[in-house]
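Remarks on the overall topology
The chain contents come next:
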Amino acid sequence: MKKQTFLYALIVLAFNCDNDKKEDITTSNYVEEAHSFAQPNISVIKHLDLNIDVNFDEKIIEGIATYTIENNDASEIVLDSKFIDIDRVEADGKDTPFSLGNFDEQLGQALKINIENDTKTISIYYKTTNKTEALQWLNAQQTADKTHPFLFTQGQAILTRTWIPIQDSPQIRITYNATVKVPSELMAVMSAENPKTKTNDGVYHFKMRQPISPYLIALAVGDIDYKAVSDRTGVYAEKSLIDKAHAEFSDMEKMVVAAENLYGNYDWDQFDVIVLPPSFPFGGMENPRLTFATPTVIAGDKSLTSLIAHELAHSWSGNLVTNATWNDFWLNEGFTVYFEIRIMEALYGKDRANMIALIGRQDLEEEVEGFKDEPNMTKLKLDLTNKNPDDGMNSIAYDKGYLFLRTLEEKVGREKFDAFLKSYFKTNAFSTVTTEDFIDYLNTNLLQPNAISFNVDEWIYQPGIPKNQAIIVSDKFENAERILHVFLDTKAVDVSQTKDWTTQEWVHFIRNFPETITNDDMKRIDDAFNLTHSTNSHIAMVWFEQAINHDYHGNSVDQNIEAFLIRVGRRWYVSTLYKAYKRNNKVDEALAIYKKARANYHSVTANTIDEMLDYKK
Ligand SMILES: [Zn+2]
C-alpha cells in the first residue's frame, strides 16, 4: 500500500531516533482528504466508548463520546463536528481546552482539542441540535404501526459528525462500544452486536469488535421485533411488517452462502436487516452486521431482493475493504454492483443477472448524457474537492464501475478474475484502499503475471465509456420489447405472456414506451396490468415517470403519484419523479407536491430535491 504524505515523512524522521515509538509510526499512514478536518497522521482515534441518551421529547441525543487515541507526540487532536453543541472536553479525565474552527457549509467545523504527548483518552460531553443532518426523528404517524415514534441515523458520506464528534474520514477505522438509553417501550439497535428482545429499562449495550469507518456507525430506535431467518441472519421490523419482511428476505442465508462461495468468509458474524419507515433515503445502507433497508423493497414476491444482495456484498467491498476517500467511491460501489450481480446469478441464474446489469447499463447511458456539460464527473476517480461527496453518488460509481469490472472479467476469464478478487479482499481486509492502490494491486497480481494489457487508465481517469466495453444482452428484454410493439401495432393485450415477468422485465417494458405513445395506449396498458396501483415500488416508480412524461392522467394516477411522493423518501425514487416534472416543464406541479412531502424526507433527500427544484425554504 502506498499512502505516504509529506507529513508522514516528517513524522518518520521525527521518530526514527525514538525506538519506543516505532510501532506507532506504521499506523501513521493516511492520505490527504478533502472532506475531513482530522489530521490522523498526528493523532488518531482508535476506539470509541459512546454513552448516550436518546430524548424523543426534545429530539436530541445527549451524552459522552470517549475515544482511545494514538498520539504521535502531538499537542492537539482534530475531530470533525457539525451542528453539535459541545459542553466540555476531558483529556485522561481532566478538563482540557478545545476550540471550534470556522464553519464550512459542507464540512462543519474542526474541533481542536488540547492534549499532552502521553494523553490516552479524550471525552467529549455533547448534545445534538435540531439541525443535525444524520438523524431523522419520525412521529408515530410516519411509522408502519403508527403507535410509537422512530429514530434512525444515516452516516454516509459525511453525516456521522452531525451526531457524534469524530474523525469522520473513511480512512479512519475504529472499534466501538456503546451504551444507549431509550424510552422503555422502544428497542435500540446499532451496526454492532445487537439485542433480539427489548430490555425492561430501555438501556442497551453494544459492541463492534471489528474496526469500521465512522460513516458505518449507525443507530435505529423504534418499537421493533426480531425474527431469525437462520442462526446468523434475520430481520428487525415493526410488528405489522415483521412477517412480510421475514418472508421477503427468506433467502438471506442462501445469499450469504453464495457470497462466501465467491469471495471468502463472511467476516462480521451476523447479517441482519432492519426494515425502516418509508422516509429512509436509500434503498439500503450497508451498516455492518445490520443493513438498514427501505420498506419499498418489500414487493411481496422477493422481486426486489437484489438490494439485499447488494448490501450483503458491501460486507466485502466497502466495509471490509473501504474506499480511502470519497473520490475513490467507485471502489465501494462498482465492486459491490459486480458482486451483487454475481450473487444474483448464483441464486437465480444468468438471465436474471443480465437483466439487472442491463438496467444499470441503461441508467449509465442516461447519467453520462446528463453530465455532458461536466464530463469530469463521468470519470471513475473523481475530484470532489469543495463539493459534497453525495455529488459522486450516482450511476458512474455504480454502473460504470460495474462495466469496467465486467469487461475486465471477460478479458481475463472468470476463473482468474474470481481468484484475483478473492485475494484482493483477503489481502486488504479491514483496511482502506485508494484507486491507485487498487491499480497497483491489479497490475501486480492479475495483469502482469498473465501478460494481459488492458486500458485501465482510460477506464478510471478518462470521462465517458471506453469502446472495449462488455456487451450485455438479454433475450428476456428483447421479448419484452417485442410484446410492447405487438401491443402498439395491434392494441391487443395478452396477459398470459407477461404473467411470469420479473420486475426487470416490467421496468424494461415501461421504459421502452415510444415518445409517440398515446394516452389511449397508456390507459389500455394501465387497465390491463393495473400499473397505477402496482404494489411493486420500482414498477410504480417507472410507470409514474412515464405518466408524467406523457401527460397521462387516467385511473387517478396523479393522486397516486402525490401519495407516493409524500409517503416514500427514497432519494432515487423521488428524485426520478421530480426530475421528470422538471424535464417536462411542470416545476409548479412538482413544487406543490414537494411542499407537502418535504417534512417527511431525510436531509439527504431534501437537500437533493431543494437543489433540483430551486426550493426556497
Ligand atoms: Zn452500495
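Residues numbered from 1 in each chain as written. Predicted model: local features only at pLDDT ≥ 70, side-chain atom pairs only at ≥ 80, totals over all residues.

The next thing to look at is the domain arrangement of the protein. As far as domains go, the protein holds domain 1 (34-222), domain 2 (321-461) and domain 3 (488-613). In this structure, domain 1 and domain 2 have C-alpha centres spaced 31 Å apart. Contacts between the two partners involve eleven residues from domain 1, matched on the other side by twelve residues from domain 2. A breakdown of the residues in the side of domain 1 that touches domain 2 according to their chemical character gives five nonpolar, five polar and one charged. (Domains from an automatic or database assignment. Contact = placed C-beta atoms within 7 Å. Nonpolar A, V, L, I, M, F, W, Y, C, P; charged D, E, K, R; others polar.)

For the rest of this paragraph, the subject is the sheet that holds strand β2 (residues 60-71). An order of β5-β4-β8-β2-β1-β11-β13 is seen for the seven strands of this open sheet, with the pairing classed as mixed. Strands with a single pairing partner mark the edges of an open sheet, and in this sheet they are β5 (94-95) and β13 (203-212). Where β2 meets strand β8 (residues 121-128), seven bridges bridge the pair, whose relative direction is antiparallel. By the bridge assignment for β8, Tyr67 is matched with Ile122. (Pairing = 2+ DSSP bridges. Helix = DSSP H or I, 4+ residues; strand = E, 2+ residues; numbered from the N terminus.)

Another point: the environment of Phe37. The topology assignment puts Phe37 in the loop between α2 (22-25) and β1 (43-55). Each C-alpha atom of the pair Phe37 and Phe417 lies 38 Å from the other, and the pair is 380 residues apart in sequence. If near-sequence neighbours (up to four positions away) are discounted, Phe37 is found in contact with Val78, Asp80, Gly101, Leu107 and Ala110.

Attention shifts here to helix α15 (residues 537-549). If you check α15, its first and last C-alpha atoms are 18 Å apart, about what 13 residues at 1.5 Å a residue would give, namely 18 Å. A large share of α15 lies buried, amounting to eleven of its 13 residues. For α15, the set of buried residues is Ser537, His538, Ile539, Ala540, Met541, Val542, Trp543, Phe544, Glu545, Ala547 and Ile548. Of the residues one or two after α15, Asp551 is the one with positive phi, at around 55°. (Expected span 1.5 Å × (residues − 1). Buried ≥ 20, exposed ≤ 12 C-beta atoms within 10 Å, placed from the backbone.)

Burial along strand β14 (residues 219-222) is two-sided: the face carrying Leu219 and Val221 and the face carrying Ala220 and Gly222 are both buried. Examined bridge by bridge, strand β10 (residues 150-153) and β14 share two bridges and lie antiparallel to one another. Note that in β14 the partner of Leu151 across the bridge is Val221. Here strand β12 (residues 187-190) runs beside β14; their pairing, made up of four bridges, is antiparallel. Within the sheet, the bridge partner assigned to Met187 lies in β14 and is Gly222.

With 95% of its residues at a pLDDT of 70 or more, the protein shows a mean pLDDT of 94. Taken as a whole, residues 1-27 scores under 50 in pLDDT and shows 27 contacts with residues more than four places along the chain or in a different chain. (pLDDT = per-residue confidence, 0-100.)

For the rest of this paragraph, the subject is unusual backbone geometry. In this model, Gln156 is joined to Ala157 through a cis peptide bond whose omega is 0°. With a phi angle near 65°, Asp73 is a residue other than glycine that sits in the positive phi range. The backbone of Phe83 sits at a positive phi, close to 55°, despite the residue not being glycine. Assignment of secondary structure puts Phe83 in the loop between β3 (76-81) and β4 (84-91).

What follows deals with the environment of Tyr67. Note on placement: Tyr67 falls in strand β2. Taking the C-alpha atoms as reference points, Tyr67 and Ser496, separated by 429 residues in sequence, lie 62 Å from one another. What Tyr67 contacts, discounting residues up to four positions off in sequence, is Ile45, His47, Leu48, Thr121 and Ile122.

Once that is clear, we can look at the packing of helix α7 (residues 350-370) against helix α13 (residues 503-511). Helices that pack against each other are described as a pair by the angle of their axes relative to one another and the distance between those axes. In the contact formed by α7 and α13, the axes pass within 9 Å of each other and the chain directions differ by 35°. The chirality of how α7 crosses α13 is left-handed. Along its contact with α7, which presents Met355, Ile356 and Ile359, the element α13 presents Gln504, Glu505 and Val507. Grouping the amino acids of the contact of α7 with α13 by side-chain chemistry returns four nonpolar, one polar and one charged. (Axes fitted to C-alpha atoms, helices over the stretch in contact; angles between N-to-C directions. Left-handed = near helix turned anticlockwise from the far one by under 90°.)

For the rest of this paragraph, the subject is the nonpolar core. Ile274, Val275 and Leu577 are the most contacted members of the largest nonpolar core, which totals 169 residues. Here the element with the most residues in this core is helix α6 (residues 329-348); it accounts for ten residues. (Core = buried A, V, L, I, M, F, W, Y, C linked by C-beta atoms within 7 Å.)

Direction vectors running N to C along helix α4 (residues 252-263) and α6 enclose 115°, while the axes themselves pass 9 Å from each other. When the axis of α4 is compared with that of α6, the two are roughly perpendicular. Note on packing geometry: the crossing formed by α4 with α6 is right-handed. For the pair α4 and α6, the contacting residues are Lys254, Met255, Ala258, Ala259, Leu262 and Tyr263 in the first and Phe339, Arg342, Ile343, Ala346 and Leu347 in the second. Of the residues in the contact of α4 with α6, the class split is nine nonpolar, no polar and two charged. (Parallel < 35°, antiparallel > 145°, perpendicular 65-115°, else oblique.)

We now examine the sheet that holds strand β7 (residues 109-114). Consider a sheet: its strands pair through backbone hydrogen bonds, and that pairing is either parallel or antiparallel. In spatial order, the strands read β3-β7-β6; together these three strands make up an open sheet with antiparallel pairing. Two strands in the sheet have a free side with no partner beyond their single neighbour: β3 and β6 (98-100). Each neighbouring strand pair of the sheet contributes to a mean axis angle of 20°, computed without reference to strand direction. For β6 and β7, the ladder comprises three bridges, and the chain directions are antiparallel. Looking across to β7, one finds that Ser99 is bridged to Lys112.

Okay, α4 next. Under the 1.5 Å per step criterion, the end-to-end length of α4 is 17 Å for twelve residues, consistent within 8% with the ideal 16 Å. Along α4, the residues that are buried comprise Met252, Met255, Val256, Ala259 and Tyr263. Taken around the axis of α4, the buried residues stretch over an arc of 100°, which confines them to a single face. Buried residues along α4 sit in contact with β16 (233-238), β17 (271-275), α5 (306-313), α6 and α9 (414-427). At the exit of α4 stands Gly264, carrying a positive phi of roughly 100°. (Arc of directions from axis to C-beta.)

Within the element layout of this structure, Ser453 appears in the loop between α10 (435-447) and α11 (456-461). Accessibility expressed as a C-beta count within 10 Å gives 8 for Ser453, which makes it exposed. Each C-alpha atom of the pair Ser453 and Ala480 lies 38 Å from the other, and the pair is 27 residues apart in sequence.

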